[in-house]
Amino acid sequence: MTTTRRPPRARFQLPPSIIAPVVAVVVLFSAYLATAAPDLTFWDATELVTAARTLGIPHPPGTPLWVLIAHVVSNLFSNTGPARAVTMVSVLASALVGGVGASMLGRWIGSRGAVVGAVVAGTMTTVWSNATETEVYALSLLCSALMLAAGEYAGRPGVSDHACRRARALIVFMAAIAVPLHLSVLVALPAALVFAWSGPRVRRLDVIGWGALALLGVSAVAVLPLLYAAGPELASGHPDSLRALVAVLRREQYQVAGLLPRMAPLWLQLANVFEWADWQVAFGVHPFPTPSVPRTLLTLSFVWLAAIGLRTVWRYEARVGRAMLVLLLSGTMGVACWLNMRAGPTFGGSFIPAGAAHEARERDYFFVLGFWSWGLLAGAGLAAIAAAFSKRLPAPIAALPLLLGAVPLVANRSVMDRTREPIAMMPRAYARLLLDAVPQRGVLLAAGDNDTFPLWYLQQVEDYRSDVTVVTVPLLGAAWYRESLAKRRLLPPEAVRSWPGLEATLRSVMIHATEDGRDVRVSTLLARPDRDRIDRTQGWALQGLVYAPSASTARGAITLDAPALARAREQVPRSVLAPIPAGADPAVAQMQSLLRCTQVRRIDDPLLVSSCNAP
């Protein structure tokens, strides 16, 4: 009796070059997903969520390509809720960045070191923070990584001329889409050019093709006037003409600093980068802006590892070493020189004059590409140490240095967790309570991002209290914004054509709202001088999260509206007043401080001055 032998089943097996990127993507995606914001966050994030869900136009430069991509991709995760769905764009993009980084590292140092380097880079605090909320920087970082990968491929020895030219064309295209996506993509361009420098000579046909690709990439800015024509409620800049479109793209409504004069001494701007660098590796060890011995020692250790990693990749191929050095310098010192920022809110001390202006928030996110490249090189350094040990020690022991690549993952995990309370619920709770503090059809004068953007989200995405008109005081200087208020009968046409000054504009809003029978309330976040400019003939009554005009109170003085405060106290969930975990965004503490205004019971309560902007 004879038996026939069945042919062996074909087994699916990933190519070796794909294993490291896949592992890196899975590890990082899992870490990001577990710590991503379940709902809203503060600053630009809620405005961007609103733009993505409604196809609106966020603040200049408008980021139209990001809006389109976020709108499409977030629809794939719509069952998670509007805010979480858009955050998933950042989660997915940041995880893919790790895959691209591992793909490049795998060729230089091997698969194990590639995974370690990608995980180290992806768990630096700034990279991790951008990955777990709605922001443009995660998608921008992915485009930068793809540009670098194209450059690295174009300059490889042995790559055909045809393949090199295609990769160079991709670099041009990725650089062009920086205009409709975000200009931070261009930080990677110098390193990409160093990667791709070797290869065939540039032909005239190449230049023509690059020009066509550049026009194609930049053409996405045409989406802005198309979005505006659809009539979204969120339509920053009103790009209804070529002049207005250019103004949005150039961010003309802001006072963008040039290279000179310096907004702070150059040495201080560079030192500020080192402060943010000290937060990257192990912020959870000491989750405060000030340095500490254990955290700073870990930071310096990873600087040393990055130096070893740079030497390792340089020895592998000088072209790679030069490009990574350029990337590290461009993403840190180069960005600091180009942006010319004021000192960060926690930096400067006695080195700058008392009362000198600081940035409104920490700007470490501008340096995300530099910190990411640092992580890649530190992983390469660990791989080099493990390789050296393997010549003298058994393989399991020699691989132990690679475990140090988990330091940022372990040390930063707790402080990067946006699911912690009261962090997770604070933006929504504050926004709802602030809207509820305004009477029907009322007008709320807001101080800036954090008492405006979450409210816009609730009104435009969830249709909650859309009867309230939010007037953002810092935007009043922009003609397009005054035009939108004029359409709501809160300003006269002449206030649109010429800027009458802040006090006259605020007074005009107050008069027109009163004439229209609309109650005015002022956010407690608005500074006292601006509140006094609204109406210098009467005082103000604290009602919790807002002040109401009080004709019976002396000019500029404060009184307490006891019944309104009692109602406000009942509405505030006790959970949002719970202790805030260390390392949380300072905006959370600021909003919690404002929520404590509802707890004021006496006119001599210190909270009035410390939290509620009272005299």
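Basis of the calculations
Residues numbered from 1 in each chain as written. Predicted model: local features only at pLDDT ≥ 70, side-chain atom pairs only at ≥ 80, totals over all residues. Heavy atoms only, no water. Salt bridge = Lys/Arg side-chain N within 4 Å of Asp/Glu carboxyl O. Helix = DSSP H or I, 4+ residues; strand = E, 2+ residues; numbered from the N terminus. Buried < 20%, exposed > 50% of the residue type's maximum accessible area, 1.4 Å probe, protein only. Phe/Tyr/Trp six-rings, centres within 6.5 Å; stacked < 30°, edge-to-face > 60°. Lys NZ or Arg CZ within 6 Å of the ring centre and 35° of its normal. Lys, Arg positive; Asp, Glu negative; His and termini not counted. Polar contact = N/O pair within 3.5 Å; in protein donor to acceptor, adjacent residues only side chain to side chain. Pairing = 2+ DSSP bridges. Axes fitted to C-alpha atoms, helices over the stretch in contact; angles between N-to-C directions. Contact = heavy atoms within 4.5 Å. Disulfide = S-S within 2.5 Å. Left-handed = near helix turned anticlockwise from the far one by under 90°. Nonpolar A, V, L, I, M, F, W, Y, C, P; charged D, E, K, R; others polar. Expected span 1.5 Å × (residues − 1). Parallel < 35°, antiparallel > 145°, perpendicular 65-115°, else oblique. Right-handed = clockwise from strand over helix to strand, strands pointing away.

1. So, the pattern of salt bridges
This model, assessed by the stated rule, comprises 26 salt bridges. Where Glu233 meets Arg488, a salt bridge forms, and the shortest distance between an N and an O atom there is 3.3 Å. Of this pair, Glu233 sits in the loop between helix H11 (223-229) and helix H12 (242-249) while Arg488 sits in the loop between helix H21 (479-487) and helix H22 (493-497), and the two are 255 residues apart along the sequence. With a shortest N-O distance of 2.8 Å, Glu462 and Arg428 are connected by a salt bridge. A residue pair is termed long-range when its members are at least 10 positions apart, and Glu462 in the loop between helix H20 (453-460) and strand S2 (469-472) and Arg428 in helix H19 (residues 426-436) qualify at 34 residues. On the basis of relative accessibility, which here comes to 31%, the residue Glu462 falls in the partly exposed class. Under the relative-accessibility criterion, Arg428 is labelled partly exposed at 21%. Within this structure, Arg107, Glu152, Arg156, Glu317 and Arg319 form a network of salt bridges that share partners.

2. Details of the packing of aromatic side chains
Under the counting rule described, the total for this entry stands at 9 aromatic pairs. Its guanidinium or amino end placed over the ring of Tyr464, Arg432 lies 4.0 Å from that ring's centre, counting from NZ or CZ. In this structure, Arg531 packs its charged tip against the face of Tyr547, placed 4.2 Å from the ring centre.

3. Some points on the side chain of Asp451
With respect to the element layout, Asp451 can be found in the loop between strand S1 (443-446) and H20. Buried charged residue Asp451 carries no salt bridge. Nearest counter-charge: Arg531, at 11 Å. Of the polar contacts made by the side chain of Asp451, one reaches the backbone nitrogen of Ala447; its length is 2.8 Å. Polar side-chain contacts of Asp451 include one of 2.8 Å to the side chain of Ser523.

4. As for the sheet that holds strand S4 (residues 539-542)
Within the open sheet, the 6 strands sit side by side as S2-S1-S3-S5-S4-S6. Their pairing is mixed. Each end of this open sheet is capped by a strand with a single partner; those strands are S2 and strand S6 (558-560). Taken pair by pair, the neighbouring strands of this sheet meet at an average axis angle of 35°, ignoring direction. Against the sheet, helix H23 (residues 502-515) engages S1, S2, strand S3 (520-523) and strand S5 (546-550), with an angle of about 165° to S1.

5. Overview of the state of the cysteines
Taken as a whole and judged by the stated rule, the model has 1 disulfide. Disulfide pairing is shown between Cys597 and Cys612; the S-S distance is 2.1 Å. Here the S-S torsion is close to -125°, and the disulfide linking Cys597 with Cys612 is therefore left-handed. Taken together, the positions of Cys597 in the loop between helix H26 (586-595) and helix H27 (607-610) and Cys612 in the segment after H27 put the pair 15 residues apart, joining distant regions of the chain. When its relative accessible area of 0% is taken as the criterion, Cys597 is described as buried.

6. Here's the deal with the side chain of Asp532
One can find Asp532 in helix H24 (residues 528-534). With sequence-adjacent residues up to four places away left out, Asp532 is seen in contact with Trp540 and Gly556.

7. Observations concerning the packing of H19 against H26
Running from amino to carboxyl end, H19 crosses H26 at an angle of 35°, the nearest separation of the two axes being 10 Å. The handedness of the crossing between H19 and H26 is left-handed. Together, Met426, Tyr430 and Leu433 of H19 and Val588, Met591, Gln592, Leu594 and Leu595 of H26 make up the contact between the two elements. When its residues are assigned to classes, the contact of H19 with H26 shows 7 nonpolar, 1 polar and no charged.

8. Quick word on helix H8 (residues 161-176)
Its 16 residues give H8 an end-to-end C-alpha distance of 23 Å, which sits within 8% of 22 Å, the value for a rise of 1.5 Å per residue. For H8, the set of buried residues is Ala163, Cys164, Arg165, Ala167, Arg168, Ala169, Ile171, Met174, Ala175 and Ala176. Turning to H8, the residues buried within the fold contact helix H7 (137-154), helix H9 (189-195) and helix H10 (204-218).

9. Remarks on the packing of helix H14 (residues 293-316) against helix H16 (residues 368-389)
Close contact between H14 and H16 brings their axes to 6 Å; oriented N to C, the two are set at 75°. Regarding the angle of H14 to H16, the classification is roughly perpendicular. Contact residues: Thr299, Phe302, Val303, Trp304, Leu305, Ala306, Ile308, Gly309, Leu310, Thr312 and Val313 in H14; Trp374, Leu377, Ala378, Ala380, Gly381, Leu382, Ala384 and Ile385 in H16. Residue composition of the contact of H14 with H16, grouped by class: 15 nonpolar, 4 polar and no charged.

10. With respect to the pairing of S1
A two-sided burial pattern is seen for S1, the buried positions comprising Val443 and Leu445 on one face and Leu444 and Ala446 on the other. Taken together, the 4 bridges between S1 and S2 define a ladder with parallel strand orientation. Within S2, the residue paired with Leu445 across the bridge is Val471. Handedness of the crossover joining S1 and S2 through H20: right-handed. Note that S1 and S3 share 3 bridges and pair parallel.

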